[in-house]
Amino acid sequence: MGAAKQWFIACLLWVFMSASFAEEGATLLSDEQEDEIINLAYSQLKASIEELEKNIDQCEILARKNVLDAALFQSLLLTDQEKRIAISYLSYMAQSECEDTRLWANIHLEYAQFKDIEKYYKGKNIIKTDIDLEIICCMISRRYFESKWKYLKIAPDVRKKLERMPELQKPFDVIQTVKTMGLL
């Protein structure tokens with residue numbers, strides 16, 4: 001198909017889509033309908049949060065049952081500080097994977113969408129949520145990047161060995177592991 005034909009078809013589609021969006025935008029919603037849309041967004045957010053809370057609980061149970069063996073790092077040339085850094089970072093990674101990082105990202109998106117929808121229809125945010133994802137997001141991000149920054153200072157070949165250890169891929173009890181390894 002020639003470039004002129006493709007351009008013409010694209011323009012034609014744009015005209016039809018613009019007309020359909022204009023019709024949708026012209027539809028006025030009642031207060032009740034707006035409330036239903038807001039409640040739909042809020043219900044979706046709450047359902048995702050409930051799913052995440054279940055995942056967190058299950059992952060915490062797994063972590064409590066799993067204490068790493070003190071011999072795990074014996075073959076690696078790591079200082080005690082590097083062991084603590086590796087344990088901290090890899091525990092965070094295993095816990096995040098267990099909880100489902102995509103679900104965390106989805107909740108942040110749903111939270112932003114809910115707040116935007118509510119503000120669009122009501123002119124301001126009215127519904128008080130039990131969480132402040134903006135604070136949680138930023139606190140977790142800072143700790144994650146600080147931990148990763150320290151972890152990346154460990155020799156790359158040692159990091160590869162650590163990351164291949166199956167024990168470090170699933171949630172584990174950080175406090176008990178550090179005590180067992182004599183790193184406190």
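> Honestly, the nonpolar core in this entry has me stumped. Any pointers?
Note that soluble globular proteins tend to have their nonpolar side chains buried in a common cluster. Core analysis: the biggest nonpolar cluster contains 21 residues, and Phe73, Tyr151, Leu162 and Leu168 have the highest contact counts within it. When contributions to this core are tallied by element, the ones reaching two or more residues are helix 3 (80–99), helix 5 (133–151) and helix 6 (156–163). When residues of this core are assigned to their parent elements, the largest contribution, 5 residues, is made by helix 3. In terms of nonpolar packing, the next biggest core, distinct from the first, is built from 11 residues, Tyr42, Leu45, Ile49 and Ile107 among them.

> Whenever I open this one, the packing of aromatic side chains confuses me. Can you help?
What characterises a pair of aromatic rings is the spacing of the ring centres plus the angle enclosed by the ring planes. This structure, assessed with the given rule, holds 6 aromatic pairs. Aromatic side chains Tyr42 and Phe114 sit 4.9 Å apart centroid to centroid with 35° between the ring planes, which places their arrangement in the tilted category. Taken together, the residues Tyr42 in helix 2 (residues 31–64) and Phe114 in helix 4 (residues 101–122) connect sequence positions 72 residues apart. The burial state of Tyr42 is the same as that of Phe114; both residues are buried. Between Tyr144 and Phe145 the ring centres are 4.9 Å apart and the planes differ by 70°, which places this aromatic pair in the edge-to-face class.

> How do you make sense of the environment of Ile140 when you look at a structure like this?
Locating Ile140 in the fold gives a position in helix 5. When near neighbours in sequence (up to four residues on either side) are disregarded, Ile140 contacts Tyr92 and Trp104.

> I'm lost on the packing of helix 3 against helix 4 in this one. Help?
Two numbers describe a pair of packed helices, the interaxial angle and the distance between the axes. Across the interface, helix 3 lies against helix 4 with an axial gap of 5 Å and an inter-helix angle of 70°. One finds that helix 3 runs roughly perpendicular with respect to helix 4. Residues Ser96, Glu97 and Glu99 of helix 3 lie in contact with helix 4, whose contacting residues are Thr101, Leu103 and Trp104. Each residue belonging to the contact of helix 3 with helix 4 can be placed in one class, and the counts come to 2 nonpolar, 2 polar and 2 charged.

> Would you mind showing me how to read a negative patch on the surface here?
On the surface, Glu50, Glu53, Asp57 and Glu60 cluster together to form a negatively charged patch. Locating Glu50 in the fold gives a position in helix 2. The exposure class of Glu50 is partly exposed, given its relative accessible area of 48%.

> Hey, could you run me through helix 6 in this one?
Side chains three or four residues apart in an α-helix point the same way, a direct result of the helix having 3.6 residues per turn. All buried positions along helix 6 are accounted for by Val158, Arg159 and Leu162. All buried residues of helix 6 fall inside an arc of 100° around its axis, so they share one side.

> Quick question: what am I supposed to make of the side chain of Glu118 here?
Within the secondary structure, Glu118 sits in helix 4. It is Lys115 that comes nearest to the buried, bridge-free Glu118 among opposite-charge side chains, at 4.1 Å. Non-local contacts of Glu118, meaning those with residues more than four positions away in its chain, are made with Ile38, Gly123, Lys124, Asn125, Ile126 and Ile127.

About the cut-offs
- Residues numbered from 1 in each chain as written.
- Predicted model: local features only at pLDDT ≥ 70, side-chain atom pairs only at ≥ 80, totals over all residues.
- Heavy atoms only, no water.
- Core = buried A, V, L, I, M, F, W, Y, C linked by side-chain atoms within 4.5 Å.
- Buried < 20%, exposed > 50% of the residue type's maximum accessible area, 1.4 Å probe, protein only.
- Helix = DSSP H or I, 4+ residues; strand = E, 2+ residues; numbered from the N terminus.
- Phe/Tyr/Trp six-rings, centres within 6.5 Å; stacked < 30°, edge-to-face > 60°.
- Contact = heavy atoms within 4.5 Å.
- Axes fitted to C-alpha atoms, helices over the stretch in contact; angles between N-to-C directions.
- Parallel < 35°, antiparallel > 145°, perpendicular 65-115°, else oblique.
- Nonpolar A, V, L, I, M, F, W, Y, C, P; charged D, E, K, R; others polar.
- Patch = residues over 30% accessible without salt bridge, like charges linked within 9 Å, V, L, I, M, F, W, Y side chains within 5 Å.
- Areas by Shrake-Rupley, 256 points an atom, 1.4 Å probe, with all protein chains shown as cover.
- Salt bridge = Lys/Arg side-chain N within 4 Å of Asp/Glu carboxyl O.
- Lys, Arg positive; Asp, Glu negative; His and termini not counted.
- Charge placed at Lys NZ, Arg CZ, Asp CG, Glu CD.
- Arc of directions from axis to C-beta.

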